[in-house]
Structures are given as C-alpha cells and as structure tokens.
Amino acid sequence: MILAVLDDSPAALDMLAYTQSLGQQVEAVTFGAADTDDLAKRGVRAVHRIAHDELADCAPAASGEALSQLIEHLRPEGVVGVCSDAVTEAMAHVAAITGLPLATNCVEVSTGDPWLLTRVRGGGMLLEEAELHASPALLTIAQGVSGDIGAGPVESCEVREFTPELTEAAATTQQARIVERASRGSGMTLATAPVIVSGGRGVGSADGYRALEELAERLGGVVGCSRVATNNGWRPHSDQVGLTGTKVAPELYLACGISGATQHWVGCMDSKVIMAVNTDPEAPLVRRATYAVIGDIHEVLPAVIDELKARSEG
Amino acid sequence: MSTDSSRVPSSADVVIIGAGIVGNSVAYHLAELGWRNIVLLDKGPLPDPGGSTGHASNFIFPVDHSKEITALTLESMRQYEKLGTITTCGGIEVARTEERIEELKRRLASSKAWGIPSELITPERVAQLVPFVDPSVILGGFWTPSAAVVDPLQTGALMREQASAHGALTVSANTEVTGISTERGRVTAIHTDKGDIATDRIVVACGVWSPRIARMAGARIPLTPAVHQMMDVGPIPELADTGTEIAYPIVRDMDALMYERQSGADLEIGSYAHRPILHEPDEIPSIEAAALSPTQLPFTQDDFDPQLEDALELFGSILNEPGAGVRHAINGLLSMTPDGAPILGESPEVGGLWSAAAVWIKEGPGVGRMMAEWMTTGTPEIDLHGADIARFYPHQRTTHHVVARANEGFNKIYGIVHPREQWASNRRQRLSPFHAREVEAGAVFFEVGGWERPHWYESNRPLVTEFGVPDRPHEWDGRWWSPITNAEHLAMRERAAMIDLTAFAQFDVSGPGALDYLQRMVMAQVDKAVGRLIYTPVLAPNGGFRSDLTIVRLGDEHFRVITGGADGARDAFWFRSHLPDDGSVAFADITSAVCTLGLWGPRARDILAATTPDDVSNEAFGFGTAKRIVIDGVPVLALRVSYVGDLGWELHAPFEHGQHLWDAIAAAGEPHGIVPAGIGVYGTTGRLEKGYRLMGAELDSEYNAVEAGLALPKVKSADFIGKEAYLAARESGPAATLCTLALGNTADHTSASGIARFPQGGEPILARDGERIVDRKGRSSYVTTAGAAPSLGTYLLMAYLPPEYAVEGERLVVEYMAEQYPVTVARVGRTPLFDPDDTRMKS
Amino acid sequence: MDVLVCVKRVPAPGAKVPLTDDATEIDTRYLGHTIGPHEECAVEEAVRIVKEHGGSATVLAVGPAEADEQLRYAIAMGADRGVLVDVGAAELDPQATASAIVHAVGDTRYDLVLFGTESADASHYQVGIRVARALGLPIVGGIKGVKFEDGAVQLRREVADGVEVYRVPLPTAAAVKEGLNLPRYPSMPGRLKAKKARIDVVPYEPEPGGLRKVRLRQPNDNREEAIVLGHGADAAPAVVDVFERIGVIS
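J.: So, the overall build of chain C: which residues are in play, and what are the values?
T.: In terms of regular secondary structure, chain C is built from six helices and 13 strands. C-alpha atoms of chain C, sized along the principal axes, occupy 65 × 50 × 40 Å. Every one of the 250 residues in chain C was classed for burial, and the buried ones make up 54%. Taking contacts inside chain C between residues at least 6 apart in sequence as the whole, the part at least 24 apart equals 71%.

Here's what the structure looks like:
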C-alpha cells in the first residue's frame, strides 16, 4: 500500500493519479477536510484524516510528527507527497524523525527494491536518476506530473480519523507557534493570474513598468519580473518569477525585455503560451517562446496598448 | 542585409568570420573600397556575439612606443570619432616608482614623435583631474587629454549598417563555421551549419577562436586566449552623481599593472598583474554553456587578491565607501601572441586565408581599414611588418612557443620593456654550427627569428681597456648593451673580426624562368654576369619597402637570395607567393643547409689567403663578386661584400662544415689578432658608420627608395613590383630624406642631472625651437636607429628629414627622457660618414 | 547573538549545463561557483543581525576544499569566520550532508542557525530540517522575515493563501528564502578581510544515506522555434490577434 499525502491544491490530484499509476493500492492522507465523493470517483477506498488541536497553530514539525506516527501505524511501502511547500516540509520532518531518505521533486517513479526514480534538480535545469534504498520509500512528486487514473471509481471512500500523540518529547521542535496569520485576500497573485506581463533588464527602470502595469490591467493579469529587476530595486521580490522566486503557469506569459537565463526559464516554462518581446532575436527566451516580437518594448508595448484600445472601442 | 535567414549565400567574394570590432571594420572598409558579395559570419548573436569585443574595457590610450601600433590607434580614433562612438575623457598613467617616472619620460618622447599632445604632471595635478586619487602614493603622471572610451558594439553595428547600405554585405549571425576547404593550398569554400559558401578569400577575425578556425584550413594563427581580470565596484556616490558613463580621466596605475576607470556609478578595475592564465581555444565554453559569455569566464578571486591592496591604496577614498561592493567580476579573455603584436595578413600556409586577429579595441577600426587596403591594393597605408602573420618561422607558430612567450609576456603588458630587452623563454631553438665555439668565447646571445646570435663576447672584455672604450654612465642607456661592442668594432677596424651570420635566410631560385621572376620581384637589375652580387630593394606595390637583400648570380638560371634573419620568414612568403604557376622557377629555402661566417678587417685577406689555395687578391676576387673557394678543405661560397665597411668576405659553407670553418679562420687569424665580434658591430656600429639601412628600422612600406637614398641611377626596363610608384617617386622627389645625425660633444648630451645620455631609437627629432618636424606627407621625423660610431668618435642617429632640414650642418635637437639635446645633420643620403669612398672594403 | 549560516558551493551554469563524461556530475571546469540565492540572503541576514544585536556570524559549508571560496565570499559580505567540512569532491546525499553539519557543529551552541530552504543545484529541501531535528532545534522553512523580540524570534513566511508569522523561542533554526533581504555585494575592504580570515577545516567522511544518485541528464527541450509576429510597433495587431486567439481578451 502506498500513502498519498494530499493538500487542497489541484496538483495534489495530479500526484494522486500518478501514484495510482504505480500499480499498488493507494490510500490518501489529508490534514484537513476530505472530499470523499471525489476521492471515491478517483478510486480511493480510504482516506486517513490527521486531526489534532495543536496542528493548526504549530510549525510544520508537528505535521511531520503526526504523519510519521500514521506511517508507523499503517506501515505502507511508500509515502508519496505532493510537492507543495507545506507537504514537502512535513515529509522532510518525517524523514528526519524516521531517519529515512527522502526524494523530492520526482517526475518518474517505479517501485521495487530499490525504488528507481527521476527527480528534478535546480528547478528544472537537470534531471537526476536515482535509487531510493529504504522502506517505506518517501518521496514527493513534482508539480505537473500526472498519470492515468489506475483505479476505476469505487463506491465509497472511507474516512479514517487519526489522532496523533504530540508528546512532550516532541515539544522542543513544536515550540514554533503561529502568532499571526494574514490571508492574501481575493487579489490575484502570480500563482493564480491567468496573464503575467513580466519585465526584465530591457525595461530599464522602475518607471518603465508603468506600461507593463497598464497592459496587465487591460489583460486582467499581474506584473512579474526577472531577478535583474529585483536586484536593481525596480520591483519587489514578490513579483519575481524564477527558480528563487515564484514558479508560474499562466495562460499567457508575456516576457518583456527578459533574455531568459535558465534560472528564469524554469520559473515560467510551464506557462501555456509564452510571448517574448526583445531587441535580440537570439535571446534564449525569444528562441524558446511560442511567439516573439523583435523590438524595443518601449515601442512595442504602447503600440499593443493602442491596438487593444482601438479594438475595444471599435 | 538579413540577420536571421536560415541559409547563407552559396558564394561570396570574401567571407569574414567574426563580427567583433575587427570583422565589422574589415567588412565596412572592403565595401567602401568597392567590394561586393561580402559575407560576415558569427557563431554568436548580434550585436554582441560573445567575443572579447563584448566585454573589453573599451578605453584608448593613444601613445605607444611602437609607430605601427600608434598609427593604427590614431586611425581607429578617427573612425570612432566619425561614427560618434567615442567619448574623450583623458587618461593619466601614474608612476609610483622613479623607474616608472623615467618610463613616462620615454612615453613623452614617443607621444611627441607620433604627434599626440601629452604632458608629465605632478601628483597634485593628478588629484585635481581625478579627485579621488590619493596623490601621496604616486610620484607623478603622464597626462594624455585625448585618451577616450569608445563603444565598439555600436561602432560595429553602424559599420554593418553602412556596408549593407552599399548592398555589399550579407550578415549571418548564429552561424557556426564547421570547416574550410582548400585546393592546392588555397581556400575554396567555407562550410557552416547554415550551408556552404564557395569563396577564395576568408578573413579570420575571430579573436581568441582564430587558431581553431585557421586550423580548419590547415593554417596556424599563433595566439592563445589569456585571462585579463576585471571587476566593477560600486555604487559610488561621487561617480553616480556625474550622471554619465565617464566624467573623470582613466587612470592607469602602471606600477601596479592595473587600470581604473569610471563606468557609470562604478569604478571598473582591470589587472595585468596576476599570474598568466592561458586557455586553449578549443576549450572555450560554448555560448549555451557559458554563464555570462564564452569570453567572460568565472572570476578567480585568489588571482586578484594581491591587487586589492594596490587599488585601495590609490582609490581608498571611494573604494572604502560604505555600500560600494564588487558588483561584477570576470576573467575576461583576450588574445596573447608570442611577441605581443597583432597577427595580420594573408597566411603563408594557406592562400586566400587572411588573419585579422589579436587586435585590441583601440586598434580594431584601423586594422579593418588596413586589412581592406592590403587585400585590395597589396599595401596598407600603415606599414604593418611588425604585425604581419608571415613574420613567424615554423617553430614560432607552435603552441609550445606561443604558450611560453604568452606566459612571459603577460606581465609586460603594463611593464617597462627596454627596446633591446630579450625574451627568456623558449630560447636555444636555432643554433649555428659555431655555437659551441661562441659559448667558449663567452658570447652573450640575443635572439632573432629563434636564432641565438652572439651580440658581444665577454672574452673580448680586455679590448675595452686596450681601446679605451668608455661605458655608458646611465643604467638604462647601457642596459642590454656592452662597451665590448665598441671595442670589437675598433679591433675589427684595426685588425680583423669574424662574425656569425648564420641567421641569414637563404633561398635558391633556379630554372628557365628564374631571371624573369627575380627581375619582377626586385628593383635592381638582376641580369648581371654570373658571379656578380646584386644588392637591391624589394618594393611593395605602393613603392615602399618590402625588403632589401642581396642576390648572387650563381649561374645563368641559378640565383641565391640572401636576406636578414629578422625578415626571412616574411621574405620567404613574399617570394613563394609570387612564383609563376608554370613551374619554370624552382624555389628552395636552404637556410637550414648553410652557415655563414663574416670575415672583415684590414687583415681579412691575409687571414683568408692563409686558409685557401685559391687566389683571393683584389685582382682575382674583386668587390661585389662571388667565388667558390676551399678553406682548409671546406667548400665555401665566398662573397666579396661588406655591411660593416671593411675589406672582407661572407663565407657560406654547408652547415655541417661550420665548426671546421670557424676553427680554420680562427687559427689563421690568431697571428693577426682576429677577434670574434657580435651583431652589435654588424647590425649597429659598423653599419651606422657606413650609413647602411636596415629593413624594419629605416626601411618600411611608408618610405620609398628615393627617400631612403637607395634609388638607382638607372631604372631597368624590366617590369617589377612597385615600379610605377618608384617612377612616380623619382619624379616627385623626396618628401623626406634619410639623414645621419651626430650628437655633439659630451657636454651637449649631458642631462640636467649631469649624466651623459644616449638616445636609443624612436625619439623625436625636433627643430631647434623644439617644434615637431613633419613632412608634407604628414610623417614626423624620429630616430630610426641610434648607436655609437666608435671609429668616428661620435654617436649617430638616423632619421628622415624634410628637404628644408635635410641640409648637412643643420642643427636640430633630439628629445630623450624629457630633455632636449642638440644634434647636427652629418650626412644627407647614403654616402657613408666613415670611409666615404669605400676604399677600405674595395682595396 | 551567535548565528550559524550553512551555505553550499554550487556551480553557476549558463543556459546549458554541461555534464561530465560519466554524467554523474556537472562539468565545472569552465564554470564559476557561487552560494545559492536563498543562502546568500541567509548570510546577509546573519550579518545584519550581528550588526544590530552583537555576537558573531559563522558560515559553514560542507563540500570540497574549494568551498573555501564561498566561505570567504560570505566573510567578505561581513561574516566573522568560516568552517569548512571537507568531505571531498563527490556530491553528498542529504542525509550525509546533514550528518556532516551536525558533526561539525558538535557542542557549539548558536542562538540562530540559518539555512536556505533548498539548495540551488540539488533542491532536496530537507537538510536544514534534518540538522535542526538532530540538534533539537525548532525550524520553520520558507522564511522571508526575521524579527527579534525578548528571547524569541518572529519568523514570517508566505504560504499558499497568505502569510504566517511564527514566534519561536531561541535558540532556533530557520530555512530562508530569497526575498528575505537584498544581499550586499562584498566590499573591497571586505574582500581584503576575507583573504586573511581563518577558515577552520573539519575533515569528515559521512556514511551515505539511502538516496543514491545514478546519473544526471539534461531535460528534453522539445519546444519549437518561436513564431516571430513582427518587428517593433508594427507587430501590435498580430500580438493582439494572438491575445484573441488564446482567449485572454474577448
């Protein structure tokens, strides 16, 4: 049996499907509510719901503690997590508590002894083929990896509550407690926006982003930037797309004056459509984009905005 | 023009590889000169394909001791000016040591010789010009107001644009050369990843990659990529406040082997002080694999560390600024050659393959124009013999040699290099058969073309006392020099000397077409009686000098060409590349088969007669003739000729007989007091007293035979290269005439600090009021050769002077180390000062 | 406040990452090396903390002897000293890396131990957590804000739906992310100081863990060449056509 550790992101369902394709029985684990109808449709017969009063305000260490107790209890052959920050962090705590190896960011997995896997390094710069010698095998599946649902729908999905014992012994590592929590509100973020108008060195200054903001507004999107823009103080780091910023996957990624170093590319490569505007026809991002416009963004963007205005009026 | 077409044209009149500053300039100037169907390729993207042009510090200090390099730089500055891509900010070379102050004085002389306004300034003045320099750590500066920064990428873009406007140029970026085809030693096509181009001319202008491209055609371009470390430190408020790219003069901290220049809000620091870090052209990372660009390699901090303190010492006030950090640091690649000079011209190894490599940003545009002229007319306006790719002998093209000399030369980039300074690495490559004897005699060897040549012999030191030769009191004047040379000279004039001349390059030219061929190659009449010697200029197509050499007519259809070791490789290429296609002339380079011993002095005939049964009397063996004689059993080709002005012979023998020949002459000469003499006598003192010209010093392609005083009374009827220009020069007369000038008495050339000084060559000759002398062609008067004339008891300088100054007895001045000394025009033209009627050597 | 920052020496590749012939490592012959961006922020934060609160900033690297370069870079930024756990040239798995750090820390007590959330090259996302567990320290990852208050520290991080702020008593560990601060460039005097600084070298041969690298490979880049919509302002209509076609405007 393999445990699939879910959160409430769509990627979790991709992960579930991929895990089911590994050819073993899969049971789900959640830390919150579970949509049992949906899970049943996806062929999951049981979901283990970890619940404890402490978990809400405790550091991820507590989640890890709880998850490792569940693992001890169920003795699965493998535990597969979705590659979100929260689940990965909990899985890392499980690994640290149990002394087991953990393979993160996997894109290909085959069970066995050892498990063979391919994982993503450097946000997508390289792939690593590795063996995982351990039982249970702990791993997380990279976002965007999915599979055909291995199991047909089942009649129902049973919820099995699991209450961990968060003992004094574990208290040290659980001393981190949440004292403040702010919701992002309803505003769009890089992670959720359907369109990102992103600017790099070619924008030239903080002022230069005005045209990008106007275009983003017209397209119902947000502004992003490359690391150059952050380092020059043109944009806050929260706007940064890339390996060490936010990884994005919008419908349209409009890259303005971004040459496209690998560190940036791996942050935007999952976008459905990439359009690059650059003076250099040979810039890496221009070559990798779906569409390209060769020219200075200070000429191209105003013209595009004018064209949008003209069409909306017409 | 198209930059993103997926295929290259199928044929071209010329293909230029490399779209850096050099390639762009070559393309532009070829188009200006009427070329069409020019293709410019680069494997990188435009406008910055990733070569050295893209990361250079882009500043220009126009003054160089080399006339050739300075001329290329000035021409480049004119082009940058015309395109509006130059920003004049001035530059200061600062001195931390007394020795450097002397070097700056020497630079001042060079600046005056080449006509670039400059001055020596105090530390306080330096601090006025660049307020963040600490004046207490320097002793002075050399201020060049015209020093500037340029934008070579923009320059290249404009040049491409203009060439394209002529409809002359196709540019293909992101196009990698995969091969070059040749047939019968000439290029026929170039292969790229975007198709093949049939062409018979290729210009390799790919900087550090040039060796790799040349090798595809089977040729060598002897350079190596070498690291030059650079970093940007900032932001610095004082610099940011200027609001411009550069508002302060560039500072070259010469003794620290570094430079510092403003670059916007940053101070850019470059170093030539670190260990030489050489790379293989094949191992430069690809554009995809390079983090920054292929020629901007990862910075190696350890190598730069020692320079941090020097930089902080001079620029502490801004480099200690809180918040100023090292924002960018690279190991930039540049090209190092064995002698530090560029590599230009058609490869002697593969016809139609032209090199335009190892060029700095300051020379790039000028090199482009010169290459275009060279390819179009056969002669560039600026004499480029020092940069000619044909200058290298085979061993000098090897990686072994390139690496050895690049390692040794790297720290000389900002070093103080004496004009006679010798290389230490990769020596003892070419040894004459006399070498063992020379070592026994305490020879001090100087190198030419890889040959070890005795410059003087320590065993002759007693002669210094015997002849009472004074030493030179100033260390610089006496560096790489010995009074023994003058003593050897006097011993030769009084008794006899034997001189190793094995470094001569020698060619045998034979066959039914040999006479016509040589007639076409040289200026003098070659159709002389068998056994005659012919001294002749070899002219470039523009009538300037390509070479000067001696031809011996050995038979009706058999000639020997004998030329200097320094230019032997260039001459071999020149002669080979003009051979007729019909096979009527055989050409053999026999340099390695022949050794040559010079025997001169009043006792020379007595000595020679004692070694040979042959009649060597003046009646039987007149001046200007050749004879085969036998010396103690050694078959020898003896030439009755002299470059030192005394009776004697050049004795040419099979190489393996050399030591026997030496011993025979030495033994026979002993009773006559023969001495071995070095090239110091042959090349300088003896030659100067006789007013003989030296290729590369007095003779270059910017001066014609009339000006050099080498015009012949009659012009032969046969056609020859440069004839038309030669006839025109005879018609128009000289714009300047080569003269010999003499320093006055000791008091006349004693410096303010009381030391007698001796100019070493390259100094400006000025009018008595200190004004520069410039002829009507714009050429200034400077010292082409300087040296002692021991038999005349004076010190001579050679220089070209315009007619109004070329008057015997005219009093002028020479500027040396920031002081001016009176000189007198002792001779106008070629008549020797010593033994003007040549009675000694013709007796 | 004594702060320990763990940094990793990682290659700084270009657009294409070259591999060794056996494909087990990145071919670094012509590559520079650097500290990953997350860890550079950690060093910057440590330097700022020490400037404000006193104490010392120690940087620690597990790697080959050449990692000395990254430690000196951190010292040039303002850290006080360096510890190099010399484990040789081969890359370690995360369990081995963690054990090397734990070994080197030994009995030394730090008020704050900083990590990058994940390394820039291997992206294992676990070394800091393993070390913190072994040292008995709390740890929170993804930190983009650090604020001290009476014997404790507030750690702020962004999560999917907003922001969380943790209060953690000292001593503690934290794994930080780029965006925490804007790291400074090392100053020239800093470089000079770093050149002379002492680096303690701790040789160590850790036991390998259970994740064993077999080989590396480059991801397939099967994207087709971009469709060029035009040059300059003239391309605007074609651009808006694309917007319409893919449905980002109606």
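J.: Tell me about the domain arrangement of chain A, and please be specific about residues and values.
T.: Residue and element names in this part refer to chain A. With domains assigned, chain A is organised as domain 1 (2-174) and domain 2 (195-313). If you average the C-alpha positions of domain 1 and of domain 2, the two centres end up 35 Å apart. At the interface, five residues of domain 1 touch six residues of domain 2. Tallied by class, the residues present in the side of domain 1 that touches domain 2 amount to one nonpolar, four polar and no charged.

J.: Describe the environment of C:Lys177, listing the residues and the values that go with them.
T.: All names here are of chain C. Along the chain, the position of Lys177 falls in the loop between β10 (172-176) and α5 (188-196). Exposure remark for Lys177: the 22 C-beta atoms within 10 Å place this residue in the buried category. Residues Lys177 and Pro37, 140 residues apart in the sequence, show an inter-C-alpha distance of 7.9 Å.

J.: Describe helix α9 (residues 364-377) of chain B, with residues and values.
T.: Residues and elements named next belong to chain B. Its 14 residues give α9 an end-to-end C-alpha distance of 20 Å, which sits within 8% of 20 Å, the value for a rise of 1.5 Å per residue. The buried fraction of α9 is high, at eleven of 14 residues. Every buried residue of α9 is listed here: Gly364, Pro365, Gly366, Val367, Gly368, Arg369, Met370, Met371, Ala372, Trp374 and Met375. Next to the buried residues of α9 lie α1 (21-32), α2 (67-83), α5 (152-165), β13 (202-204), β20 (343-346) and β21 (353-357).

J.: Explain the interface of chain A and chain C to me, and be specific about the residues and the numbers.
T.: If you look at the interface, chain A gives 78 residues, while chain C gives 67 residues. Broken down by class, the residue content of the side of chain A that touches chain C amounts to 41 nonpolar, 20 polar and 17 charged. Pairing geometry for strand β15 (residues 291-294) of chain A and strand β13 (residues 227-231) of chain C, over four bridges, is parallel. Residue pairing in the sheet places A:Tyr291 in a bridge with C:Ile227 of β13(C).

J.: Requested: an account of the packing of helix α3 (residues 60-74) of chain A against helix α4 (residues 85-98) of chain A, with residues and values cited.
T.: Residue and element names in this part refer to chain A. Interaxial distance between α3 and α4 falls to 8 Å at its minimum, and their mutual angle equals 60 degrees. Comparing their axes, α4 and α3 come out oblique. Relative to α4, the crossing made by α3 is right-handed. Residues Pro60, Ala61, Ser63, Gly64, Glu65, Leu67, Ser68 and Ile71 of α3 form the contact with α4, whose own contacting residues are Ala86, Glu89, Ala90, His93, Val94, Ile97 and Thr98.

J.: A description of the sheet that holds strand β11 (residues 199-203) of chain C should follow, citing residues and the corresponding values.
T.: Read across the open sheet, the ten strands follow the order β10(A)-β9(C)-β8(C)-β7(C)-β10(C)-β6(C)-β1(C)-β4(C)-β5(C)-β11(C); overall the sheet is mixed. Taken across any chain shown, the strands that pair with only one partner, and hence form the sheet edges, are β10 (177-183) of chain A together with β11 of chain C. Across the sheet, the mean angle separating the axes of adjacent strands is 25 degrees when strand polarity is ignored. Note that strand β8 (residues 152-159) of chain C and strand β9 (residues 162-169) of chain C share eight bridges and pair antiparallel. Within the sheet, the bridge partner assigned to C:Val159 lies in β9(C) and is C:Gly162. Most of the contacts of helix α1 (residues 37-53) of chain C go to strand β1 (residues 2-7) of chain C, to which it runs at about 165 degrees, and overall it touches β1, β4 (56-63), β6 (112-116), β7 (139-149) and β10 of chain C. Docked against the sheet, helix α2 (residues 68-77) of chain C engages β1, β4, β5 (81-86) and β11 of chain C, running at close to 165 degrees with respect to β5(C).

J.: Can you lay out the sheet that holds strand β3 (residues 59-60) of chain B for me, pointing to particular residues and giving the numbers?
T.: Residues and elements named next belong to chain B. Reading across the sheet, the three strands line up as β3-β8-β4 and stay open at both edges, with antiparallel pairing between neighbours. Each edge of the sheet is formed by a strand with only one pairing partner; in this case those strands are β3 and β4 (86-88). In this structure, β3 lies alongside strand β8 (residues 148-150), joined through two bridges in antiparallel fashion. What sits directly across from Phe59, in β8, is Val149. Contacts from α2 reach β3, β4 and β8 within the one sheet, and its direction differs from that of β4 by about 110 degrees.

J.: Which residues make up the confidence of the model for chain C, and what values do they have?
T.: Averaged over chain C, the pLDDT score is 93; the fraction of residues at 70 or greater is 98%. We note a pTM of 0.88 for the whole complex and an ipTM of 0.92 for its interfaces.

J.: Explain the confidence of the model for chain A residue by residue, including any values.
T.: The pLDDT averaged across chain A works out to 89; a share of 96% of its residues lies at or above 70. Put simply, β10(A) is where chain A has its lowest mean pLDDT, 84, and strand β8 (residues 137-141) of chain A is where it has its highest, 97.

J.: So what's going on with the environment of B:Arg369? Residues and values would help.
T.: Residue and element names in this part refer to chain B. Looking at the secondary structure, you find Arg369 in helix α9. When the 24 C-beta atoms within 10 Å are taken as the criterion, Arg369 is described as buried. Taking the C-alpha atoms as reference points, Arg369 and Thr784, separated by 415 residues in sequence, lie 26 Å from one another. In this structure, Arg369 is in contact with Ser25, His29 and Glu75, ignoring residues within four places of it in sequence.

J.: For helix α1 (residues 10-20) of chain A, give the residues involved together with the corresponding values.
T.: Residues and elements named next belong to chain A. With eight of eleven residues buried, α1 is to be regarded as a mostly interior element. Within the sequence span of α1, burial applies to Ala11, Ala12, Met15, Leu16, Ala17, Tyr18, Thr19 and Gln20. In this fold, the buried residues of α1 make contact with β1 (2-5), β2 (26-30), β4 (78-82) and β8.

J.: For the nonpolar core, give the residues involved together with the corresponding values.
T.: Grouped together as the largest cluster of nonpolar side chains are 271 residues, with contacts concentrated most on B:Ile38, B:Val204 and B:Ala356. Sequence-distant contacts of B:Ala356, that is, excluding residues within four places in its chain, are made with B:Val22, B:Val26, B:Val203, B:Val204, B:Ala205, B:Leu344, B:Val367 and B:Met371. In terms of nonpolar packing, the next biggest core, distinct from the first, is built from 126 residues, A:Ala11, A:Ala134, C:Val5 and C:Ala100 among them.

J.: Could you give an account of the packing of helix α9 (residues 297-313) of chain A against helix α6 (residues 236-246) of chain C, naming the residues involved and the relevant values?
T.: Interhelical geometry of α9(A) versus α6(C) gives an angle of 60 degrees and a closest axis separation of 8 Å. Taken as axis vectors, α9(A) and α6(C) run oblique relative to one another. Like other packed secondary-structure pairs, α9(A) and α6(C) cross with a definite hand, here right-handed. In this structure, α9(A) uses A:Ala303, A:Val304, A:Asp306, A:Glu307, A:Leu308 and A:Arg311 to contact α6(C), whose residues at the interface are C:Ala236, C:Pro237, C:Val239 and C:Val240. Residue composition of the contact of α9(A) with α6(C), grouped by class: seven nonpolar, no polar and three charged.

J.: Summarise unusual backbone geometry; cite the residues concerned and give the values.
T.: Omega for the peptide link from A:Ser135 to A:Pro136 comes to -5 degrees, which places this bond in the cis form. For B:Leu257, which is not glycine, the phi dihedral falls at a positive 60 degrees. The residue B:Leu257 is located in the loop between β15 (250-253) and β16 (258-263) in this model. Owing to 20 C-beta atoms within 10 Å, B:Leu257 belongs among the buried residues under this scheme. Even without glycine at this site, C:Ser123 takes up a positive phi of about 55 degrees.

Each value, and the rule that gives it
Residues numbered from 1 in each chain as written. Chains lettered and ligands numbered in written order. Predicted model: local features only at pLDDT ≥ 70, side-chain atom pairs only at ≥ 80, totals over all residues. Helix = DSSP H or I, 4+ residues; strand = E, 2+ residues; numbered from the N terminus. Buried ≥ 20, exposed ≤ 12 C-beta atoms within 10 Å, placed from the backbone. Contact = placed C-beta atoms within 7 Å. Domains from an automatic or database assignment. Nonpolar A, V, L, I, M, F, W, Y, C, P; charged D, E, K, R; others polar. Expected span 1.5 Å × (residues − 1). Pairing = 2+ DSSP bridges. Axes fitted to C-alpha atoms, helices over the stretch in contact; angles between N-to-C directions. Parallel < 35°, antiparallel > 145°, perpendicular 65-115°, else oblique. Left-handed = near helix turned anticlockwise from the far one by under 90°. pLDDT = per-residue confidence, 0-100. Core = buried A, V, L, I, M, F, W, Y, C linked by C-beta atoms within 7 Å.

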